[in-house]
Amino acid sequence: MRRVALSAALLALAAATVSAVDEPKPVLKPTDIRAPFIEQFSEDWAERWTASEATKKTSVGGETFSYVGKWAVEEPIISVVEGDNGLVAKTKAAHHAISAPFSDPIDFSEKPLVVQYEVKYQKGGNCGGGYLKLLEDGFQTEGKEFSDKTPWTIMFGPDLTCPGTKIHFIFRHKNPITGEYEEKHLKVPPKPTIEKLTNLYTLVLNPDNTFDVLFNGESKASGNLLEDFNPPVNPPKEIDDPEDSKPADWVDQKKIADPEATKPDDWDEDEAYEIPDEDAGKPEGWLDDEPETIPDPDSEKPEEWDDEEDGDWIAPTVRNPKCDEAPGCGEWKRPTKANPAYKGKWYAPLIDNPAYIGEWAPRKIPNPAYFEDLSPVKNLNKIGGVGIELWTMTEDILFDHVYIGHSVDDAKALAAETFDIKHPLEVEQSKAKKVVDADEEEETISFQEDPIEFLRAKIFKFVELAKLDPLLAFKTQPETGAAFALAVVTLFGMLGMMFGFIGASQATITKSSKKTDAPTPDDKQKTETTPVVPAGGEKVDTTLKKRK
């Protein structure tokens, strides 16, 4: 019966797998949407992107690090859309940098700036960036010299910060008085759950200083550049005088110990916090002579134990069962209770300090670097390219479908063509993967214990996963997949041989070997289309064709 069940499982698996394979993956179609910059990492991607070869040096010339992380454009490890390749940071624990210039600088002082792209942490998150840098116009052609020192205007995207995850939105604002740039960070960045799925990140920055940060199409943070960033865009009008200092006789202590207070005569600091409870008595039935643990009476010295080499064998101990039936075992000790006479160390009570002046603060002076910029978006530098510059402990971070332009509708349309198709399929795959992970955690029977049951469990697990995703089933259980493929080939081979022998046995020769009639066209056609397997002859190929 077990062999019958096993055969039935194989047939069920064959049907499930063939049915799943028959459903083709959606195919990526290059978008017709136009924008200042759209990147889907087609075959000519290397004509636009340049990997950095820069080396960061210290002030004395010593090398600190180089951008040795490798880049590749390839399909995801688990692909759900045919032809949907992405840019992948391949190297673990390495610095990566790559950039692409725009054909024309992007000015977003009068039109919205829309930045959208996908990131997939294929191996999960472990200290790795996934953000883009929109490079300042004039520095987009650094190419092989692109580094962390290359000026940028906006930085946006996810960052796994060990622990935790947040979506960066940072812009570099120029002080019109000093000419210095200062990074402005979003006060409360979104902190989404990333997992190992493709996620969509969108930034909309409007000329009126408002912004919106979206994660997978849902708004997660919105506000105004003048209100929601640290440090603020506009500095304070007044600052503390750096030359002012607190006078030596300034008293800012509000309370002091009462100098006239004295410790009461009956205050004993030596009294213990707890004392023995003299009212407590030993419970009736307490077993003074019984130990709490005893040698395990069921344990035996192992046969391989050698007293000369291993020493004297000592049985493990277990709780004394007599102690479970009695109030307790061993020496009885009187419990303790709180000491009513305990007061602890005496301290003088606090009173208001008669010499208290108040909290000291330096005097204010006009801020020499003060300015007021009520339209920071209009004053941000134009962007001339996009770069990815990061350090990561996680390999195989995939970037895809980058949109940088002015149309929210076009960004949504691009997401509808790509992310909205891909993400639901990945979610289904994730569910299938969780089934595999859960099954792997379950205790299974070994092959030695029960070969038939072991194979049956493996097969049914493979069948369930193959119904959801046959490719994932073969990738996660290659041994079972290979065994299944061999079994299917063997099964169909046996069926072919069986039908061949049946056909041979039914092909009874009724005519004599001497043929007197000339062959007619019909006879010739029958000879060519009817395979016959004579006894002891070679096997003739059947008409069964491989399913494409």
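Residues numbered from 1 in each chain as written. Predicted model: local features only at pLDDT ≥ 70, side-chain atom pairs only at ≥ 80, totals over all residues. Heavy atoms only, no water.

- If you check an unreviewed UniProt entry, the chain appears there as Calnexin from Sparassis crispa.
- The chain has a UniProt comment under Subcellular location (unreviewed entry) that states "Endoplasmic reticulum membrane".
- In UniProt, the chain has this text filed under Sequence similarities (unreviewed entry): "Belongs to the calreticulin family." (UniProt positions renumbered as here; feature names shortened; annotations may be inferred.)

A few points about the overall build of the chain
- Along its length, the chain carries 10 helices and 27 strands.
- Residue burial in the chain is summarised as follows: out of 548 residues, 34% are buried.
- Summarising the internal contacts of the chain: among those between residues at least 6 apart in sequence, 74% fall at separations of at least 24.
- About 34200 Å² of surface is accessible on the chain, with carbon and sulfur atoms providing 53% of the total. (Helix = DSSP H or I, 4+ residues; strand = E, 2+ residues; numbered from the N terminus. Buried < 20%, exposed > 50% of the residue type's maximum accessible area, 1.4 Å probe, protein only. Contact = heavy atoms within 4.5 Å. Areas by Shrake-Rupley, 256 points an atom, 1.4 Å probe, with all protein chains shown as cover.)

What about the side chain of Glu-118?
- As for its placement among the helices and strands, Glu-118 is situated in strand 8 (residues 113-121).
- On the basis of relative accessible area, Glu-118 is assigned to the buried category, the value being 1%.
- One polar contact links Glu-118 to Lys-422, side chain to side chain, over a distance of 2.6 Å.
- If sequence neighbours within four positions are ignored, Glu-118 has contacts with Thr-198, Asn-199, Leu-200, Leu-398, Phe-399, Asp-400, His-401, Thr-418, Phe-419 and Lys-422. (Polar contact = N/O pair within 3.5 Å; in protein donor to acceptor, adjacent residues only side chain to side chain.)

A closer look at the confidence of the model for the chain
- Per-residue confidence for the chain averages 83 on the pLDDT scale, and 76% of its residues sit at or above 70.
- Contacts for the low-pLDDT stretch residues 1-21, under 50 throughout, to residues beyond four places or in other chains number 28 contacts.
- Overall, residues 507-548 carries pLDDT values under 50, and its contacts beyond four positions in sequence, including any with other chains, amount to 11 contacts. (pLDDT = per-residue confidence, 0-100.)

As for the packing of aromatic side chains
- In the structure shown here, the tally under the stated rule is 14 aromatic pairs.
- Ring centres 5.3 Å apart and planes at 90° place the aromatic pair Tyr-273 and Tyr-342 in the edge-to-face group. Remark: Tyr-342 occurs in the loop between strand 23 (336-338) and strand 24 (350-352) and Tyr-273 occurs in the loop between strand 19 (255-257) and strand 20 (274-276); sequence separation between them is 69 residues.
- Site record: aromatic cluster; members linked through ring pairs are Trp-71, Tyr-117, Phe-156, Tyr-201, Phe-215 and Phe-399.
- A cation sits over an aromatic face here: Arg-172 above Trp-152, 5.8 Å from the ring centre.
- The ring centre of Tyr-347 lies 6.0 Å from the NZ or CZ of Lys-345, which sits over that ring. (Phe/Tyr/Trp six-rings, centres within 6.5 Å; stacked < 30°, edge-to-face > 60°. Lys NZ or Arg CZ within 6 Å of the ring centre and 35° of its normal.)

Things to note about helix 5 (residues 408-417)
- Here helix 5 has its buried residues at Ala-411, Leu-414 and Ala-415. For helix 5, the angular spread of the buried residues around the axis is 100°, confining them to a single face. For helix 5, exposure combined with an orientation more than 90 degrees from the buried face picks out Asp-409 and Lys-412.
- The residue sitting at the N-terminus of helix 5 and contributing the capping side-chain oxygen is Ser-407; that oxygen lies 3.4 Å from the backbone nitrogen of Asp-409. (Arc of directions from axis to C-beta.)

Digging into unusual backbone geometry
- Each neighbour pair has its own omega, and for Asn-230 with Pro-231 the value is -15°, a cis peptide bond.
- Here Pro-231 shows up in the loop between strand 17 (229-230) and strand 18 (238-240).
- Of note, the phi angle at Glu-195 is positive, near 55°, even though the residue is not glycine.
- Looking at the element boundaries, Glu-195 is found in the loop between strand 13 (181-186) and strand 14 (198-205).
- Here Asn-216, not a glycine, exhibits a phi torsion of approximately 55°, which is positive.
- Relative to the helices and strands, Asn-216 resides in the loop between strand 15 (210-215) and strand 16 (218-224).

Focus on the environment of Asp-288
- By the element assignment, Asp-288 lies in the loop between strand 20 and strand 21 (293-295).
- On the basis of relative accessible area, Asp-288 is assigned to the partly exposed category, the value being 35%.
- C-alpha separation for the pair Asp-288 and Gly-330, spaced 42 residues apart in sequence, amounts to 4.5 Å.
- Here Lys-282 takes part through its side chain, which lies 3.1 Å from a polar atom of the side chain of Asp-288.

With respect to the nonpolar core
- Formed by 57 residues in total, the largest nonpolar core has its most connected members in Leu-113, Ile-154, Phe-156, Phe-169, Leu-205 and Ile-404.
- The residues touching Phe-169, leaving out its near neighbours within four places in the chain, are Ile-154, Met-155, Phe-156, Lys-184, His-185, Leu-186, Leu-203, Leu-205, Phe-211, Val-213, Leu-225 and Phe-229.
- Among the nonpolar cores identified, the runner-up in size contains 5 residues, and Ile-33, Val-114, Ala-411 and Leu-414 belong to it. (Core = buried A, V, L, I, M, F, W, Y, C linked by side-chain atoms within 4.5 Å.)

With respect to the pattern of salt bridges
- Across all of its chains, the model carries 28 salt bridges by this definition.
- Across the pair Lys-133 and Glu-389 runs a salt bridge whose closest N-O atoms are separated by 2.8 Å. Of this pair, Lys-133 sits in strand 10 (residues 132-136) while Glu-389 sits in strand 26 (residues 383-392), and the two are 256 residues apart along the sequence.
- Note that Asp-307 and Lys-301 form a salt bridge whose closest N and O atoms lie 3.3 Å from each other.
- A residue is classified by how much of its surface remains accessible, and Asp-307, at 36% relative accessible area, is partly exposed.
- Classification of Lys-301 by relative accessible area gives partly exposed; the value is 40%.
- Several salt bridges share partner residues, and in doing so they unite Glu-74, Lys-90, Lys-123, Glu-395 and Asp-396 into one network. (Salt bridge = Lys/Arg side-chain N within 4 Å of Asp/Glu carboxyl O.)

Digging into the environment of Ser-103
- Tracing the backbone through its elements, the reader meets Ser-103 in strand 7 (residues 94-106).
- When its relative accessible area of 65% is taken as the criterion, Ser-103 is described as exposed.
- Measuring from C-alpha to C-alpha, the distance between Ser-103 and Gly-384 comes to 8.0 Å, with 281 residues separating the pair along the chain.

Looking at the pairing of strand 14
- For strand 14, a buried count of 8 out of 8 residues is recorded, marking the element as mostly surrounded by other parts of the structure.
- Burial along strand 14 is two-sided: the residues Thr-198, Leu-200, Thr-202 and Val-204 and Asn-199, Tyr-201, Leu-203 and Leu-205 are all buried.
- Judged from the 8 bridges that link them, strand 8 and strand 14 form a sheet pairing that is antiparallel. Pairing of Val-115 across the sheet is with Leu-203, part of strand 14.
- Of the strand pairs in this sheet, strand 14 and strand 15 are connected by 5 bridges, and their pairing is antiparallel. In the strand pairing of strand 15, Thr-202 is matched with Leu-214.
- In this antiparallel pair of consecutive strands, strand 14 and strand 15, the connection spans 4 residues, and Asn-209 shows a positive phi of 80°. (Pairing = 2+ DSSP bridges.)

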